[in-house]
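Residue-level structural notes
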Amino acid sequence: MILKDKVAVIYGAGGAIGGVVARALASEGAKVFLTGRNLASVDVAAKNIVAAGGSAEAAQVDALDEQAVAEHLQAVIDKAGRVDISFNAVGIPSAGILGVPLVELDVDQFALPITTFAASYFLTARLAARHMIPNASGVIMTVTTAHSRTGTPLIGGYGPAQAAKEALTRDLSAELAPHGIRVVGLRPQGIPETDTLKYGYELRAEATGMTWEQFQEMLASRTHPRRLMTLEETADVAAFMASDKASGMTGTTVNLTMGSMDD
Ligand SMILES: NC(=O)c1ccc[n+]([C@@H]2O[C@H](COP(=O)([O-])OP(=O)(O)OC[C@H]3O[C@@H](n4cnc5c(N)ncnc54)[C@H](OP(=O)(O)O)[C@@H]3O)[C@@H](O)[C@H]2O)c1
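Everything numeric in this text was worked out from a predicted model, so none of it was measured.

Within the structure shown, the criterion is met by nine salt bridges. Linking Asp84 and Arg82 is a salt bridge whose minimum nitrogen-to-oxygen distance equals 3.0 Å. For the salt bridge of Arg227 with Glu233, the shortest nitrogen-to-oxygen distance reads 2.6 Å. Residue class for Glu233 comes out partly exposed when judged on its relative accessible area of 26%.

The subject of this paragraph is the packing of aromatic side chains. Throughout the structure, instances matching the rule amount to four aromatic pairs. Pairing Phe117 with Tyr158 gives two aromatic rings, centres 5.7 Å apart and planes at 85°, and the pair type is edge-to-face. Of this pair, Phe117 sits in helix H4 (residues 107–132) while Tyr158 sits in helix H5 (residues 158–176), placing them 41 residues apart in sequence. With relative accessibility at 5%, the residue Phe117 sits in the buried group.

What follows is about the site of the ligand. Residues in contact with the ligand amount to 26 residues; listed here are only the nearest, Arg37, Asn38, Ala63, Tyr158 and Thr196. Measuring from an oxygen atom of the ligand, one finds a side-chain N or O atom of Tyr158 at 2.4 Å. If the ligand stood free it would expose 890 Å²; the protein chains cover 88% of that surface. Looking at the shell around the ligand, the elements that each hand over two or more residues are helix H1 (16–27) and H5. Looking at side-chain class alone, the shell around the ligand contains 12 nonpolar, 12 polar and two charged residues.

Parameters at a glance
Residues numbered from 1 in each chain as written. Predicted model: local features only at pLDDT ≥ 70, side-chain atom pairs only at ≥ 80, totals over all residues. Heavy atoms only, no water. Salt bridge = Lys/Arg side-chain N within 4 Å of Asp/Glu carboxyl O. Buried < 20%, exposed > 50% of the residue type's maximum accessible area, 1.4 Å probe, protein only. Phe/Tyr/Trp six-rings, centres within 6.5 Å; stacked < 30°, edge-to-face > 60°. Helix = DSSP H or I, 4+ residues; strand = E, 2+ residues; numbered from the N terminus. Near = heavy atom within 4 Å. Polar contact = N/O pair within 3.5 Å; in protein donor to acceptor, adjacent residues only side chain to side chain. Areas by Shrake-Rupley, 256 points an atom, 1.4 Å probe, with all protein chains shown as cover. Nonpolar A, V, L, I, M, F, W, Y, C, P; charged D, E, K, R; others polar.

Pasting the structure below:
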């Protein structure tokens, strides 16, 4: 087990990626503390991990609320002694963000993903780092999309938001790596099992004229194996990146686009 007794906090753990990452970290031996805006979904995810023999607890934490994040982290440290891994998998609904041409988008709609994604990542990373620095150890992680690096129509401020998170990964690493803290991101291609990709497709379906199947085929055709990544594959890389096996990696976002994007 590559994460035996590590203590991990996952934000947005009621979601598709947060939930599967929590499961993967737990299956490698980590004690996982799942948090989300709604307790019900994180509670289900935590119970499933415990039923499978893992160590998991759920809590309601708004990852944009500084006091709530700080209090939860303190509760984790009071209970588990430290925090080793902070993973931000927060995602917001795409309605009003995707599907609107930039020339028709108002500034609040444009700014919403930027302020939400980047601010939440900043907040959870900063608060975790304050606890990790005295231990000279820790891993701060997040997940972005290929929109950080490619020009894509009808995605509003979503691409700039993802690019901001990748820049923050580099900048956090530049400041925190000297303190023994690694900062790494994952950049998977769209994952068809998730509602995020389905809603993202639906919001642009009329403009693209593609069926859901054609949309997936179009994305898959850009990858070398001609298929899209699974949630499980994404989570397996997350577990590796969170472990000491990846001690040589920091300040980077791992390209999980299976060849559809060059570094
Ligand atoms: N799905 C993909 O294909 C894909 C690919 C690459 C990257 N990503 C990125 O990965 C991240 C997660 O994607 P996903 O598909 O797992 O999304 P998801 O299933 O919608 O999950 C996102 C989770 O974040 C929670 N959340 C939203 N705002 C929050 C807040 N302020 N505090 C705490 N939790 C909050 C949501 O809770 P509520 O339901 O209560 O709002 C939800 O449980 C996103 O940043 C997305 O851009 C996704």
